[in-house]
Structure formats: C-alpha cells, structure tokens
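Observations on chain architecture
Below, each chain spelled out in residue letters.
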Amino acid sequence: MAIPMTRIMVPQASSSLRLSHPTLSKSTRFSFLCRCAAPSELQSLRSGLSLSAGAHAIPHPDKVEKGGEDALFVSSYRGGVIAVADGVSSWAEQDVDPSLFSKELMANASRLVDDEEVRYDPGFLIDKAHTATTSIGSATIIVAMLEEVGVLKIGNVGDCGLKLLREGQIIFSTTPQEHYFDCPYQLSSEESAQTYLDASFNIMEVKKGDVIVMGSDGLFDNVFDHEIVNIVTKHSDVAESSRLLAEVASSHSRDPGFESPYALEARAKGFDVPLWKKALGMKLTGGKLDDVTVIVAQVVDS
C-alpha cells in the first residue's frame, strides 16, 4: 500500500529536508512521559531549534479514577518529540480497559524514540511501538518530531490532531482519518485494523516562535480554531496555554447547549434530533464528553 505523504511549504520557511519511509508531576520538568490526568508541565527540550513544551490532561468525568484513556509522551531527544494516543473506549463493552493499549503504546514509543532502527522517523516509531504493544485494545496516535535545522515531521493514524500557528494564524492542520463519522482509523491488537502504512505523513519547515498545538479529539471536537488562536496568542507560557485549552475543551464538552465543532460536523453528516424535535425548532447541540489531552510546544533556540 502506498504511504500518503504531504510536503508542506509554509511562508518564510527555510530549506527543507526529506522524510524517508518504508509523571506529569506538578510544576516539574519532564522528558519521557506516558500518562495523563495531571497538571501542566514545562520543559525546554534542547544547538539549532528545539521545542519548549507544556502538557495538560483532563479525563472524562467517569474515568477520573483511572486517569482517562488518553496517553502522551514528550522527549528531549534531538530537537524534541511529542506524541498523543487516544484509547478507543468501545473496548470497555468487552470488559477490556481501553487505557491499557494507549498507555503501553506511548510507553513503547518513549522507550524506542532513540532506537537506531527508528531513524528519527515518525512512521518507523509508530510501527515499532505498535509491534511492541501486547495489550488488547486499540488507539489513535499522532507523533511529531523536530529536526534541529527546523524541519517538523508528523505521522498520525486516526483523529488525534495537530495545528501549527505562526504570528497568530493557523498555517497548517492535520486532517482526521475516519472510516465514517466518529469511527477513526486506529492501531489495534486486531490484525484487521490499521498499521503505520495507513498513516498520514506531513513534513514542513518551521521557525523560531512557531507554536504547535497537539491533542486528542477531545480537544478538537470541542474547541474552535479561533479559540485556540486566542488562547495561544494571549499566553506565551506553553504550560498555561495547554491548561487553558484543556479547561475550555472540558467545559464545552459538558455544555449541552454549546454549538461545538463536533455537533456541527454531526449535523452536516446527517446526524440530528428526531423530526418531531426539528419541527419544534430544535437541533443537535452540545460538546462531546471525552478525555482531553493537550500539548502546546513552541519552537525556540536551543
């Protein structure tokens, strides 16, 4: 199967390279990390360019005790690596804890990020981490790797997402991969599911001051682009930005009257209230209650 890949040229970019292929504890620095449900973090990840990253996660209200089903890791290796995985909750119907697969997947990714066979390539990292994961379940995943020369490499399977902001504008967004509405591509313990070969890959040039916002679908289903831009441009502290974005997403997700991105997409795809409610002027509204995981990373001089 051919690997879909997009090379993105952004304004005022420098020369490019080629992408080859076949605990969060309070107010502390972090390097490798693969759990959520914790307060904001801040670390300057390391001549050339690197990432200064903050992360925040808020579990679904019914999943607080186990810390939710999302997972993440941040690595200081080379220019910096950030990743998010979202466990597929439907596994709970088979008495399987959906958090086990996503957390093991991220633990394996953090362990393998500097492996020679990974070649500092998000596709190979996704492949090796998936192969090493033995838990039953499935998860969506996104990985971004920064080369010190200013090249950002992204690989994603499913509907975790990333947005790149420059000078107060979103200049790039990943596109969710779905079989159909609300059923994303996913890595799984089942052989019939997707692999890294089904991932979408992007490569782009970044510069000092650019901001990356990465998150699970709990962020992007509940927060509009203009809200993301507003928070990131008003708060230069990446840890503070990640916390505020997570809190806004969580608040919207619990508001039945909010016209969320998720509700708008659902209606556009034919999912709405029954006809008798439509006759009364009602429509599908509300956020999507979910785990929310956010990483905000700024490109800085090392």
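Here's a quick rundown of the structure. Predicted, not measured: the structure shown is a model, and the values here were computed from it. (Residues numbered from 1 in each chain as written. Predicted model: local features only at pLDDT ≥ 70, side-chain atom pairs only at ≥ 80, totals over all residues. Heavy atoms only, no water.)

Considering the nonpolar core
Residues Leu105, Met106, Leu125, Ile141, Val143 and Met145 are the most contacted members of the largest nonpolar core, which totals 25 residues. Residue assignment for this core shows that the elements contributing at least two residues are strand E4 (70–75), strand E5 (81–87), helix H1 (98–112), helix H2 (122–132) and strand E6 (138–147). Considering every element that reaches this core, the biggest residue donor is H1, with 5 residues. Leaving out residues up to four positions away in the same chain, Ile141 has contacts with Val84, Ala85, Leu105, Met106, Ile126, Gly155, Asn156, Val157, Cys160 and Leu187. (Core = buried A, V, L, I, M, F, W, Y, C linked by side-chain atoms within 4.5 Å. Buried < 20%, exposed > 50% of the residue type's maximum accessible area, 1.4 Å probe, protein only. Helix = DSSP H or I, 4+ residues; strand = E, 2+ residues; numbered from the N terminus. Contact = heavy atoms within 4.5 Å.)

Description of helix H5 (residues 238–253)
Relative to the 22 Å expected for 16 residues at 1.5 Å per residue, H5 spans 22 Å between its end C-alpha atoms, a close match to the ideal helical length. Buried residues of H5: Val238, Ala239, Ser241, Ser242, Leu244, Leu245, Ala246, Ala249, Ser250, His252 and Ser253, and no others. Looking at the buried side of H5, the elements it contacts are strand E3 (49–58), strand E14 (211–215), helix H3 (217–220), helix H4 (225–234) and strand E15 (292–301). Put simply, Asp237 is the residue that caps the front of H5, since its side-chain oxygen is 2.8 Å from the backbone nitrogen of Ala239. (Expected span 1.5 Å × (residues − 1). Polar contact = N/O pair within 3.5 Å; in protein donor to acceptor, adjacent residues only side chain to side chain.)

Concerning the packing of H4 against H5
To characterise two packed helices, one gives the angle between the axes of the helices and the distance between these axes. Remark: H4 packs on H5, axes separated minimally by 9 Å, with the N-to-C direction vectors making an angle of 150°. Judged by the inter-axis angle, H4 sits roughly antiparallel to H5. The two elements H4 and H5 cross, and the hand of that crossing is right-handed. On the side of H4, the interface is formed by Glu227, Ile228, Ile231 and Val232, while H5 contributes Ser241, Leu244, Leu245, Val248 and His252. Of the residues in the contact of H4 with H5, the class split is 6 nonpolar, 2 polar and 1 charged. (Axes fitted to C-alpha atoms, helices over the stretch in contact; angles between N-to-C directions. Parallel < 35°, antiparallel > 145°, perpendicular 65-115°, else oblique. Left-handed = near helix turned anticlockwise from the far one by under 90°. Nonpolar A, V, L, I, M, F, W, Y, C, P; charged D, E, K, R; others polar.)

Focus on the layout of surface pockets
Rolled over the atoms, a probe sized like a water molecule indicates the empty space that remains. Within this model, the largest pocket holds a volume of roughly 400 Å³. Along the wall of the largest pocket there are 21 residues; nearest its centre are Asp159, Pro176, Phe220, Asp221 and Glu265. The set of elements that each furnish at least two residues to the lining of the largest pocket consists of strand E8 (161–166), H3 and helix H6 (261–268). Its residues assigned to classes, the lining of the largest pocket shows 9 nonpolar, 4 polar and 8 charged. Considered as a void within the structure, the second largest pocket measures approximately 310 Å³ in volume. Lining the second largest pocket are 18 residues, and of these Gly87, Val88, Ser89, Asp217 and Lys288 sit closest to its centre. (1 Å grid on protein atoms, 1.4 Å probe; cavity = no way out; pocket = protein on both sides within 12 Å on 5 of 7 lines; lining within 4 Å. Points joined across faces, edges and corners; volume = space filled by probe spheres on them.)

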